[in-house]
Amino acid sequence: MSYKKHFQFIGLILCLNFLAACTVTELDADGNPILPKDPNAIVSFQDFTLSEVADQLWQPKVFPEATQDFVSWDSIKSQLDAQQIITKQSYFVHLNGTVESVDLGRIKGIIKLKVGDTRIDLQVGRVIKGNSIRDASKYVLFDDFKNQIRFAQISREFNSRAMLSVGKPDSSWVSEEVSVIAAITIDQNTIRDAVPMQITRGGQ
């Protein structure tokens, strides 16, 4: 074999090895390369609908957190009595109390709950104000949304799921003992918003 053919043969081998090492990249409908997702990329909800985001968070994370990792009412009450909750804070809390009234409208409603010497208004109905559930959870982070509007709107999804869990209160609940898991927001030592996530009639 001549030197020329020898070098051509070596060049051919090198080219084949180079091609074998290359990864074929698929193209999309517009001819642009489809790049694989970075396994180290930060998880974001920006490509999901709000309902899909709530599906991923509510049952797997937020609801179990509320029912298993709540703060005792005695702990919160002692802080309120000592005037210690000055800045706005949200908590998941377990309440045992008596239903004093159930006032339902077409859109909004209130269950008045007496817990010891404290009366708490639990919001029920189609419209719930505030972000108590969102802000009480350690799993709902603004950085996962990248959008202030969507971060605000996820509260509506959580509130809707909470109302499905609570069921449909009526006047027959009045004077009954109940056990409640709720998300509450306290500011300046005053309960601003309270949203029930689970109500067990008869107490527990």
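Attention here is on the structure that accompanies the text. Predicted, not measured: the structure shown is a model, and the values here were computed from it.

With that out of the way, let us pick up the overall build of the chain. A count of helices and strands for the chain gives five helices and six strands. Reading the helices (α) and strands (β) of the chain from amino to carboxyl end gives α-α-β-α-β-β-β-α-α-β-β. Sorting the 204 residues of the chain into buried and exposed places 35% on the buried side. When contacts within the chain are restricted to residue pairs at least 6 apart in sequence, long-range pairs at least 24 apart make up 62% of them.

With that settled, consider the side chain of N189. Residue position: N189 is located in the loop between β5 (177-187) and β6 (190-201). If we ignore the near neighbours within four places in the chain, the residues touching N189 are Q79, L80, Q83, Q84, I85 and I86.

Take the nonpolar core next. Among the nonpolar cores identified, the biggest contains 48 residues, and V62, I76, L95, I133, F158 and M197 are the most heavily contacted of them. Residues in contact with I76, not counting those within four places in the same chain, are V71, I85, Y91, V93, I184 and I186.

What follows concerns the pairing of β6. Remember that side chains alternate between the two faces of the sheet whenever the strand is regular. As defined by bridge partners, β5 adjoins β6 across 10 bridges and the pair is classed as antiparallel. Across the sheet, I184 pairs through a bridge with A194, a residue of β6. Linkage of β5 to β6, two consecutive antiparallel strands, is achieved through a turn of two residues, within which Q188 is found at a positive phi near 55 degrees.

Quick look at the pattern of salt bridges now. This structure, assessed with the given rule, holds 10 salt bridges. Ionic pairing is found between K138 and D69, a salt bridge with its closest N-O pair at 4.0 Å. With a gap of 69 residues between them, K138 in the loop between α4 (132-136) and α5 (148-166) and D69 in the loop between α2 (50-68) and β1 (71-72) connect regions that are remote in the sequence. Judged by relative accessible area, D69 falls into the partly exposed class, the value being 47%. A salt bridge links R119 to E100; its shortest N-O distance comes to 2.8 Å. Of this pair, R119 sits in strand β4 (residues 118-125) while E100 is found in strand β2 (residues 89-104), placing the two residues 19 residues apart along the sequence. In this structure, a network of salt bridges that share partners links the residues D55, E157 and R161.

This next bit is on the packing of aromatic side chains. A complete count under the given rule lists four aromatic pairs for this structure. When the centroid spacing of 5.7 Å and the interplanar angle of 40 degrees are considered together, the rings of W58 and F63 count as tilted. Accessibility classification places W58 together with F63 in one group, the buried group. The structure contains a cluster of three or more aromatic residues connected by ring pairs, namely W58, F63 and F158. Here R134 stacks its cationic end above the ring of F151, 4.0 Å away from the centre of that ring.

One non-glycine residue, Q83, lies in positive phi territory at about 60 degrees. In this fold, Q83 is placed in the loop between α3 (73-81) and β2. In this structure, S175 is a non-glycine residue whose phi angle is positive, near 75 degrees. Position of S175 among the secondary structure elements: in the loop between α5 and β5. Judged by relative accessible area, which is 57%, S175 ranks as exposed.

Reading the values: rules and limits
Residues numbered from 1 in each chain as written. Predicted model: local features only at pLDDT ≥ 70, side-chain atom pairs only at ≥ 80, totals over all residues. Heavy atoms only, no water. Helix = DSSP H or I, 4+ residues; strand = E, 2+ residues; numbered from the N terminus. Buried < 20%, exposed > 50% of the residue type's maximum accessible area, 1.4 Å probe, protein only. Contact = heavy atoms within 4.5 Å. Core = buried A, V, L, I, M, F, W, Y, C linked by side-chain atoms within 4.5 Å. Pairing = 2+ DSSP bridges. Salt bridge = Lys/Arg side-chain N within 4 Å of Asp/Glu carboxyl O. Phe/Tyr/Trp six-rings, centres within 6.5 Å; stacked < 30°, edge-to-face > 60°. Lys NZ or Arg CZ within 6 Å of the ring centre and 35° of its normal.

All quantities given are derived from atomic positions and should not be read as evidence of function.
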